[in-house]
Amino acid sequence: MSPASGATGFFLIVLVFFGFKAFTLAAIGPVTYNERLSRLANGSNLEQIGAKMMAIDPLTKAVAGLTGPIMR
């Protein structure tokens, strides 16, 4: 396995992760999304880490803005 294929695999994982976040944000809306994140932030250490990873960032917000009208 070449180093380039490892980098490609990592890139695909990151791409799918941000795609999942954007799809979820577009599907349930920012208010509900943030309510669910706040519940996670008040949970166990693992849940708190998940809440930080799933927080809305500029990339997720932009992709959700593009996919939101398509989903509705």
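Cut-offs applied
Residues numbered from 1 in each chain as written. Predicted model: local features only at pLDDT ≥ 70, side-chain atom pairs only at ≥ 80, totals over all residues. Heavy atoms only, no water. Core = buried A, V, L, I, M, F, W, Y, C linked by side-chain atoms within 4.5 Å. Buried < 20%, exposed > 50% of the residue type's maximum accessible area, 1.4 Å probe, protein only. Helix = DSSP H or I, 4+ residues; strand = E, 2+ residues; numbered from the N terminus. Contact = heavy atoms within 4.5 Å.

One finds Ala22, Leu25, Ala26, Tyr33, Leu37, Ala51, Met54 and Ala64 forming the largest nonpolar core, which totals eight residues. At the level of elements, α1 (3-28) and α2 (30-41) are the ones that each hand at least two residues to this core. Counting residues per element, this core draws most heavily on α1, at three residues.

Another aspect to go through is the environment of glycine 43. Counting through the fold element by element, glycine 43 comes out in the loop between α2 and α3 (45-53). For glycine 43, a relative accessible area of 23% puts it in the partly exposed group. For the pair glycine 43 and valine 31, spaced twelve residues apart in sequence, the C-alpha separation works out to 19 Å.

Looking at the element boundaries, threonine 24 is found in helix α1. Exposure remark for threonine 24: the relative accessible area of 18% places this residue in the buried category. Residues within four places of threonine 24 in sequence aside, it is in contact with Gly29 and Tyr33.

Let us look at the side chain of threonine 60. Within the secondary structure layout, threonine 60 lies in helix α4 (residues 58-71). Sequence-distant contacts of threonine 60, defined by excluding residues within four places in its chain, comprise Phe18, Lys21, Ala22 and Leu25.

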